[in-house]
Structure formats: structure tokens, C-alpha cells
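Listed here are the chains, written in short residue letters.
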Amino acid sequence: MNKKGMILRTPLIVRFCHWCMVCLFILTALSGLSLFFPSMKLFGLVLGTPQLVRALHPIIGCVVFVLLMFMFLKLAHHNIPNKQDIVWLKNFKSVIMGKEEGIPIGKYNVGQKFLFWCIMSLIFVLCITGLIMWRRYISDYFPVQVVRIAIFFHSLAAIALILLAIGHAYMAIWVKGSIKGMITGYVSRAWARKNHSAWYEEEMEKIYQNELNAKAKSEVEPVEHKPA
């Protein structure tokens, strides 16, 4: 891929973590639906027999939690609300119509930040309630009433997270160039300027400064003279 005129948006480690998490989340969601809704038992075939589904579902769920916590550490500072978000909200209609140029938007907009915090909150609820209801290892240490409450909130959080994931995928398809950016890690400068103008200006300033530093360094380096 020709990286000239491109900006790095997502580092390799984050992309790798993201796609691993996506694949495992699909397995977890399908197996969970098959356990909660008997009519959807065919979904459980992605992991094998019903017994295998019950054994693997919580394990894969824990892996998804760990991957999301890694992404939280990498991305949380980009998703903190700021004053630019107020401008985005005031121009929400223009953004929906694809006329976000000129609106100062950081690396992530308000919608993406909201999605981020919702996902992180829900995965935390899923992890806690999932551990409480993990029959083979933990559930025996809790009263039946607590386990039933955990099952209820685990189910609600799971359905909410699945719906958010579907919405996230839809938005990624809707904003042209987003999926390619998550695959390659790079986005065009035109894409960045249109969709995330404030972040684009920050990145261009870094690129310009790096070019100045490289030029200054080359000018001060001594020229080697080869012997005749």
C-alpha cells in the first residue's frame, strides 16, 4: 500500500486486538443466544455440542473482556468528552447529512465516544455477572437469588451489547473508508480532514514538525569525505 498522503489512524497492535475481539465476540454472542433462547440452538453449533458450548462460552467471554480492557487502556484518553463535542452536538443534523466539514472533531466524535463508554460499561457488567453465574467454578459460592439476578442483568447487558455491536458495524459501513482504515491502519488525508478535522490538524502539525526536525538534522550532520 502506498502510504504517501496517508495518516496512521490505528496502530497494528490495536487493529490486531480489535479483529481478534470481533471474531471471539461473534462466537460468544451466538453461543450465548443459543443458551438463552432454546429456539436458537443452531447458533451454538459454532462451538460444537451443547456441553461444549456451556464450557467454552464463559472462557471465550473472559478473553473478550481482556481484549476490550487492553483496548480501553489504549483508547480511553481519546474518548474523554471535551468542548469540541458540544459543537458536534449542536451541528448533529449537518453531521448526519454528511456535511461535517468545518466542524472541529477530534480522533473520535461524540457518537463514537458514547459507543466506547457503553461497550466498556456493558462488558464490565457481563464479566461480573458471568463470573457469578459460572456454575462449574463460582456460582456455588453465591445464594440462588444472587445468581438469578446475575442471569437477568447478564442477559440484558448481552442483548444491549449485541445491538451496539450491530450499530457499530453499520456506522463503519456507512462512513466510507472506516473499515479500510481499521484493516490497513491508514486513512487518506482527505478522509481525515472531512470526518475528523481537529485530529487531522493535530496529525498534520506532527508530520510537519517531524519533517522540520529531519531537515534540521540532515543539515547539521557532518559530511564524510572519502579518501582520494
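These lines cover the structure that appears in this document, whether it is placed above or below. (Residues numbered from 1 in each chain as written. Predicted model: local features only at pLDDT ≥ 70, side-chain atom pairs only at ≥ 80, totals over all residues. Heavy atoms only, no water.)

Some details on the packing of helix α3 (residues 83–90) against helix α5 (residues 110–132)
Link 1 in the chain: Put simply, α3 and α5 touch, their axes get as near as 9 Å, and they point 115° apart. Looking at the two axes, α3 sits roughly perpendicular to α5. In this structure, α3 uses D85, W88 and L89 to contact α5, whose residues at the interface are V110, G111 and K113.
Link 2 in the chain: Here the contact of α3 with α5 is built from residues that sort into three nonpolar, one polar and two charged. (Axes fitted to C-alpha atoms, helices over the stretch in contact; angles between N-to-C directions. Helix = DSSP H or I, 4+ residues; strand = E, 2+ residues; numbered from the N terminus. Parallel < 35°, antiparallel > 145°, perpendicular 65-115°, else oblique. Contact = heavy atoms within 4.5 Å. Nonpolar A, V, L, I, M, F, W, Y, C, P; charged D, E, K, R; others polar.)

Here's the deal with the pattern of salt bridges
Link 1 in the chain: Applying the stated criterion to the full structure yields two salt bridges.
Link 2 in the chain: Across the pair K113 and D85 runs a salt bridge, and its minimum N-O distance is 3.0 Å. Taken together, the residues K113 in helix α5 and D85 in helix α3 connect sequence positions 28 residues apart. Considered together, K113 and D85 belong to a single accessibility category, that of buried residues.
Link 3 in the chain: Across the pair E203 and K206 runs a salt bridge whose closest N-O atoms are separated by 3.5 Å. Taken as a pair, E203 and K206 lie in helix α9 (residues 197–220) at a separation of three residues, close to a single helical turn.
Link 4 in the chain: With a relative accessible area of 15%, E203 lands in the buried category. (Salt bridge = Lys/Arg side-chain N within 4 Å of Asp/Glu carboxyl O. Buried < 20%, exposed > 50% of the residue type's maximum accessible area, 1.4 Å probe, protein only.)

Quick word on the packing of aromatic side chains
Link 1 in the chain: Evaluated as defined, the whole model comprises six aromatic pairs.
Link 2 in the chain: A centroid spacing of 5.2 Å and a plane angle of 90° characterise the contact between W134 and Y137, whose relative ring orientation is edge-to-face.
Link 3 in the chain: Taken together through their ring pairs, the aromatic side chains of F72, F116 and W117 make up a single cluster.
Link 4 in the chain: We note R9 situated over the ring of W199; from NZ or CZ to the ring centre the distance is 4.9 Å.
Link 5 in the chain: The ring of Y200 carries R193 above its face, with NZ or CZ at 5.5 Å from the centroid. (Phe/Tyr/Trp six-rings, centres within 6.5 Å; stacked < 30°, edge-to-face > 60°. Lys NZ or Arg CZ within 6 Å of the ring centre and 35° of its normal.)

A few points about the layout of surface pockets
Link 1 in the chain: Estimated volume of the second largest pocket: approximately 1,100 Å³.
Link 2 in the chain: No other element matches the eleven residues that helix α2 (residues 50–75) contributes to the lining of the second largest pocket.
Link 3 in the chain: Partitioning the lining of the second largest pocket into residue classes produces 29 nonpolar, nine polar and four charged. (1 Å grid on protein atoms, 1.4 Å probe; cavity = no way out; pocket = protein on both sides within 12 Å on 5 of 7 lines; lining within 4 Å. Points joined across faces, edges and corners; volume = space filled by probe spheres on them.)

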